[in-house]
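Summary of the model geometry
Chain by chain, the residues run as shown.
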Protein chains: 2
Amino acid sequence: MRTIIIGGVAAGMSAATRLRRLDEQREIVVFERGSYVSFANCGLPYYVGGVIEDRSALLLQTPASLAARFALEVHVQHEVVAIDSAAKTVTVRDLASGAERVEEFDDLVLAMGATVTDGIPGEGVPVISLRSVEDVDAITEVLAGATAPRAVVAGGGFIGVEAVENLVTRGAHVTLVQRGAQVLSPLDPEMASPVHRALTDAGVDFRARTTIERVDAGRVTLSDGTEVAADLVVDARGVRPDVRIAAAAGVGLGPTGGIAVDDRHRTDVPGIWAAGDAVEKTDHLDGQATLVTMAGLANRHGRAVADDIARVATIPATPALGTSIVGVLGVTVGLVGWSERRLVAAGHAHRVVHTHPFSHATYYPGAEQMAMKLLVDPETDLLLGAQLVGRAGVDKRLDVLAVAMAAGLTASALSQLELAYAPQYGSAKDAINMAGYVAENLATGTDRTIQWHEVDAARVAGAVVVDVRTNGEHEAGAIPGSILLPLDDLRERHGELPDAPLIVHCKVGQRGHTASRILQQLGHDVRNLDGGWLTWSDGVDADLREKG
Amino acid sequence: MRTIIIGGVAAGMSAATRLRRLDEQREIVVFERGSYVSFANCGLPYYVGGVIEDRSALLLQTPASLAARFALEVHVQHEVVAIDSAAKTVTVRDLASGAERVEEFDDLVLAMGATVTDGIPGEGVPVISLRSVEDVDAITEVLAGATAPRAVVAGGGFIGVEAVENLVTRGAHVTLVQRGAQVLSPLDPEMASPVHRALTDAGVDFRARTTIERVDAGRVTLSDGTEVAADLVVDARGVRPDVRIAAAAGVGLGPTGGIAVDDRHRTDVPGIWAAGDAVEKTDHLDGQATLVTMAGLANRHGRAVADDIARVATIPATPALGTSIVGVLGVTVGLVGWSERRLVAAGHAHRVVHTHPFSHATYYPGAEQMAMKLLVDPETDLLLGAQLVGRAGVDKRLDVLAVAMAAGLTASALSQLELAYAPQYGSAKDAINMAGYVAENLATGTDRTIQWHEVDAARVAGAVVVDVRTNGEHEAGAIPGSILLPLDDLRERHGELPDAPLIVHCKVGQRGHTASRILQQLGHDVRNLDGGWLTWSDGVDADLREKG
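Once a new chain begins, its residue numbering starts again from 1 and follows that chain's sequence as written. By the order in which they are written, chains take letters starting at A while ligands take numbers starting at 1. Per-residue local features are limited, in this predicted model, to residues with pLDDT of at least 70; the limit for side-chain atom pairs, both in listing and counting, is 80 or more; totals at the level of whole chains, interfaces and linings are taken over all residues. Remark: hydrogens and water are excluded; side-chain values derive from all non-hydrogen atoms of the structure.

Per an unreviewed UniProt entry, the recorded name for chain A is Putative pyridine nucleotide-disulfide oxidoreductase (Putative NADH oxidase), and the organism is Microbacterium oleivorans. UniProt positions are given in the numbering used here, feature names are shortened, and annotations may be inferred rather than shown by experiment. Chain A has a UniProt comment under Cofactor (unreviewed entry) that states "FAD". Its UniProt record gives chain A the following Sequence similarities (unreviewed entry) comment, quoted word for word: "Belongs to the class-III pyridine nucleotide-disulfide oxidoreductase family."

In structure tokens:
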């Protein structure tokens, strides 16, 4: 038996090595069009930044090491240009010599990954992606040749913000050009505000609602007509599945434009499997086809392809949650499931919970505050999504929420999770537990909340905002028109409040919850501002961004 | 309605504040025999070490602040000395004046916590626990008065090792006196070895299989007859539920000696609830009564008591997993569920998986290796327990495993979890995913393993150990009598291997797995040494400890 694998990075190499472990006899041939296989894709930005100092650290395997350990036949700089699924052959071009040859297969694995979108017109500034070892070699060379390098990053997605961080680390002046109003579009607008503060603090020139029109000698022209001097453009405008040879060979694509596979990673052509960024996944929430270009899924699905080819017991692919994490200039952003924006667009009912927990007990040094947002199904109380922005402890809570979602736990059940507590690691009621309590209070009607973006309309309708923080907090910044009535005075002074629907708020929502419970029991019509002053402020910042 | 709560720390204060939020009208009275309420119990050792510098950081609330915010009537230095459950009264002693009075209740909450075991005979060295603010004040005073303080810690449990760490931080010479052969008895012996190395590296004088007989002027006499000069003894020998007044009042105790409650935290006396360290919990695995003295459970159950008293919708208490974490001299130890030792003692069938994953991608700086152990039910593939010992990233994996256990995921399903990956946070195949793959390979028979403690017997029965690491690794340390045959030479040279059952091993088990797959397909009878050289070495160290 002879298996050919097209693509030698995450999905392809996971398939190859697992297949060898399962089947010592099979001939396994890998064709990779780049010069390297099994390199550290996700480490490339950090080599640009000098965080990863040793270039060889990026190169996890070589054709020689893969031959020695796994008896793989690996050809780099070999591009498969055509597939004949009836004849069970591929046409391979040796990129060094230009020669083409035909190779036979019994089983074929498509792991071509994704490809960049259209190029940027013009010349005079190098335009380089951040997708291969060759790319980072080229970027590093440009940076080394400039004394005070000026870089323009096109696209503020995951790779884009990682590029920004690392270019800043290398001392470059960075302009970030983004088509939308905010970076990291899967983040809801108020959750993106801390990221934008980090960009501003680092001196990044952020150009919203803008694209690159063209480059010319030493300068970049933007869609708003402005020009930016630049030694380098890093093209991080996103990617699409590389389906060219697959489509040409009659392999079926799905509604997203990615290769369609079943839950065993089989395409609609017998004998052809596919995994990785070229392939669409099934969404955890709605079961629909979706594109998630994450290394974890690529590795897992590549390995599962090998299981199915070797016909060992396999379990159907788990739907994709889209768990993702990115570091931006000291801020960590975590995402899983759907955003509020996406739920609204899909008309999916949802409840929102914002909290601002600390990474560990505040009485122990070094605790850092994060912003956490849960999206909850109001009918089932199931988690629909979560977003986290902060520093220490974000990755842990994201993983906990990802497992909870995968396991089908309700939001209220988060309160019951028995998580690790010693003061340097967490809190007796962990961030996750507290979010669960908030969700449970909403589910049981113990608390009623109002979202930051609903406050203006409520006030127009006659509601009054009551700030239950301290005098000092109120003076440092308050919601315009709000009445100050500190929580500890509420029982005594609530008679001063107007006979109107009340919106209470504190800094994060916790004192607001106590205030809301007191006022509710005293007969007031009251809602607690979800996430408090911090979320409201981040929302106001988001509104300002949206309005330009 | 009048609710009396006995005990004003974790469970008691969670009950009091939640009850107030649910019921504004109720009279809520808290009696605390100590001088402080709601203090940072778990922070006490770190105040001793000076990590928490500000004593006021330990004092989260005061009677005055609790009166202002929650309209609670809190009496410190007031000990409830008797309960009359028929008359619905308690007798309270004002510890300052010695005066006693009788107070009436409608509902009573027992949250007395735990109490230390018997004292240590003799005098001439202060013997101080580590359970209250008064304790740490006393310890700090002794340390401040000695130029090169010598401390003896009695008991190597969680509090004991935290005491050791913090006394070392304060510059004390520390002797640790432990009844058993190892510290942290819930850890299996091979998993305790890294902790013992940390103790040795820090210069701690560890006295195994030893207890304190008595103290005399400036010295401590141990059960083996040796004497240790000491300025201070920290008594961390463990605790038992403080059930004295509860038992005297006819409140039923369970088989563990703790107060028995139902899944609504009700005792067998109507109108009396109980939560916290005085109360027994229900074990997640076998549903039996168990003692778990963790702050997280105390807080959660205290809050649930309030829900039940206020008759809001409550969900039955979730059984206890015993999730716990502790830092010892830079090493983090995490535990959840049952240990191998406990499973063996209970005669519970189990499968063991040892791995040594890194905290994040090794190509990114700062990745730290940990030891991870899973206990798996061979019938159901469900997780029975997990142990982790390492540095960065241990707490995250522990929480993920705790959620997986709570949600009833199988060990194999760990491979399918979609966890956060960017190179500074994790790996494309995260530590958890990899452990899941190992478990799956065992469940499907793709790999067969042997445990470190089974190797000697297997060799006596004729098995041969084959080291598939490199020459250099083998020379730096090898299993006695093992044959070196590096993995990359295996296909070529396997004919050199004797015709005997083979045990292959590498450093951690991963190359061993590949070797085992190759040899299995070549017709050999082969098992892979679970956890590899690292686990085997830690096991040998454990054997040496056990033998003294």
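Continuing now.
This part is about the overall build of chain A. When helices and strands are tallied, chain A shows 16 helices and 30 strands. Computation of the radius of gyration draws on C-alpha atoms, with the globule rule given as 2.2 Å multiplied by the number of residues to the power 0.38. Whereas a compact globule of 548 residues would reach a radius of gyration of roughly 24 Å, chain A reaches 26 Å, a difference of no more than 12%. The C-alpha extent of chain A, read off along each of the three principal axes, is 85 × 60 × 40 Å. Here chain A, with 548 residues, has 58% of them falling under the buried criterion. Only four residue types enter the tally: Lys and Arg on the positive side, Asp and Glu on the negative side; His and the chain ends are excluded. To locate a charge, take NZ of a lysine, CZ of an arginine, CG of an aspartate or CD of a glutamate. Seen as two clouds, the 48 positive and the 70 negative side-chain charges of chain A have centres 1 Å apart. Secondary structure is summarised from DSSP: a helix means a run of H or I of at least four residues, a strand means a run of E of at least two, and numbering begins at the N terminus for each. Accessible area is worked out with a 1.4 Å probe on protein chains only. A residue is then buried under 20% of its type maximum, exposed over 50%, and partly exposed in between.

Our next topic: the packing of helix α1 (residues 10–22) of chain A against helix α8 (residues 295–309) of chain A. Residues and elements named next belong to chain A. Lines are fitted to the C-alpha atoms to define the axes, a helix being fitted only along its stretch in contact, and any angle between axes, read from their N-to-C directions, falls within 0 to 180 degrees. Taken N-terminus to C-terminus, the directions of α1 and α8 make an angle of 35 degrees; their axes are 7 Å apart at the nearest point. In the crossing of α1 with α8, the sense of the turn from one axis to the other is right-handed. On α8, the residues touching Ala10, Ala11, Ser14, Ala15, Arg18, Leu19, Arg21 and Leu22 of α1 are Ala298, Asn299, Gly302, Arg303, Ala306, Asp307 and Ile309. Asp, Glu, Lys and Arg are counted as charged, while Ala, Val, Leu, Ile, Met, Phe, Trp, Tyr, Cys and Pro are counted as nonpolar; the rest, among them Gly, fall into the polar class. Residues belonging to the contact of α1 with α8 are distributed by class as follows: eight nonpolar, three polar and four charged. It is the rotation of the near helix from the far one that decides the hand of a crossing: anticlockwise by less than a right angle makes it left-handed, clockwise makes it right-handed. Contact criterion: two residues are considered in contact whenever any of their non-hydrogen atoms come within 4.5 Å of each other.

Residue and element names in this part refer to chain A. Taking strand neighbours across the sheet as the criterion, the five strands line up as β3-β2-β1-β7-β18 in an open arrangement whose pairing is parallel. The strands lining the two open edges of the sheet, one partner per strand, are β3 (73–75) and β18 (272–274). Direction aside, the axes of adjacent strands within the sheet are offset by 15 degrees on average. Strands are treated as partners if at least two bridges between them are detected by DSSP. The pairing of strand β7 (residues 107–110) with β18 spans three bridges and is parallel. Residue pairing for β18: Val109 is matched across the bridge by Trp273. Against the sheet, α8 engages β1 (2–6), β7 and β18, with an angle of about 155 degrees to β18.

As a further point, take the relation of the copies chain B and chain A. Rotating chain B by 180 degrees and moving it 0.0 Å along the rotation axis overlays it on chain A with an RMSD of 0.0 Å. Both chain copies can therefore be described as sitting about a two-fold axis. No C-alpha of chain B approaches the rotation axis more nearly than that of B:Lys396, which lies at 2.4 Å. Take the interface residues of chain B: 100% of them recur as interface residues in chain A, which is what a same-surface contact looks like. Here the copies were fitted onto each other by least squares, based on C-alpha atoms from residues at pLDDT of at least 70 in both.

Take the packing of aromatic side chains next. The relative placement of two aromatic rings is captured by the distance of their centres and the angle of their planes. Any pair of Phe, Tyr and Trp rings, taking the six-membered ring for Trp, is counted once the centres come within 6.5 Å. Such a pair is stacked with planes under 30 degrees apart, edge-to-face with planes over 60 apart, and tilted for the rest. Scanning the entire structure with this criterion turns up four aromatic pairs over all chains. When the ring of A:Tyr364 is compared with that of B:Tyr46, the centres are 5.2 Å apart and the planes differ by 85 degrees; the resulting orientation is edge-to-face. Of this pair, A:Tyr364 sits in the loop between β23 (351–355) and β24 (371–376) while B:Tyr46 sits in helix α2 (residues 44–48), on two different chains. Residues A:Tyr364 and B:Tyr46 agree in their burial class; the two are buried. Centroid distance A:Trp533 to A:Trp536: 5.5 Å. Interplanar angle 25 degrees. Geometry classified as stacked. Taken as a pair, A:Trp533 and A:Trp536 lie in helix α16 (residues 532–547) at a separation of three residues, close to a single helical turn. An identical accessibility class is assigned to A:Trp533 and A:Trp536; each is buried. A ring is scored as having a charge over it whenever the NZ atom of a lysine or the CZ atom of an arginine sits within 6 Å of its centre and within 35 degrees of its normal. Here the guanidinium or amino end of A:Arg469 rests over the ring plane of A:Trp533, the centre of that ring lying 4.9 Å away.

Glancing now at the pattern of salt bridges. The term salt bridge refers to a pairing of a side-chain nitrogen on Lys or Arg with a carboxyl oxygen on Asp or Glu at a separation within 4 Å. The tally for this structure, following the rule as stated, stands at 74 salt bridges over all chains. Between A:Asp216 and A:Arg214 there is a salt bridge, with its nearest N and O atoms 2.9 Å apart. For A:Arg214, a relative accessible area of 35% puts it in the partly exposed group. Between B:Arg244 and B:Asp242 there is a salt bridge, and its shortest N-O distance comes to 2.9 Å. Given the relative accessible area of 55%, B:Arg244 is considered exposed.

The source of the domain bounds is an automatic or database domain assignment. Here chain A is described as being made up of domain 1 (2–115 + 240–309), domain 2 (127–237), domain 3 (330–443) and domain 4 (449–547). Computed over C-alpha atoms, the centres of domain 1 of chain A and domain 4 of chain A are 54 Å apart.

Residues and elements named next belong to chain A. Across the two faces of strand β16 (residues 232–235) the burial is the same, with Leu232 and Val234 and Val233 and Asp235 all buried. Where strand β9 (residues 127–128) and β16 come together, two bridges link them in parallel fashion. Bridging from a neighbouring strand, Val127 pairs with Val233 of β16.

Opposite the 78 residues of chain B that make contact, chain A presents 78 residues. The term buried area denotes the loss of accessible surface (1.4 Å probe radius) that occurs when two parts are joined, taken as the sum for both partners. Here chain B meets chain A over a buried area of about 7200 Å², counting both sides, of which 55% is carbon and sulfur. In terms of surface lost to chain A, no three residues of chain B exceed B:Arg69, B:Tyr363 and B:Glu418, which account for 12% of the buried area on that side. Here chain B is connected to chain A by ten salt bridges. For B:Asp399, the salt bridge identified is with A:Lys396, shortest N-O distance 3.9 Å. N or O atoms closer than or at 3.5 Å make up a polar contact, with two conditions inside protein: a donor-capable atom paired with an acceptor-capable one, and, for residues adjacent in sequence, both atoms drawn from side chains. Linking chain B to chain A there are 40 residue pairs in polar contact (both at pLDDT 80 or more). Those elements giving two or more residues to the side of chain B that touches chain A turn out to be α1 (10–22), α3 (63–70), α8 (295–309), β21 (324–328), α10 (394–406), α11 (431–443) and α15 (510–521) of chain B. The greatest single-element share of the side of chain B that touches chain A, amounting to nine residues, is contributed by α10(B). Looking at the side of chain B that touches chain A residue by residue, the classes come out as 41 nonpolar, 17 polar and 20 charged.

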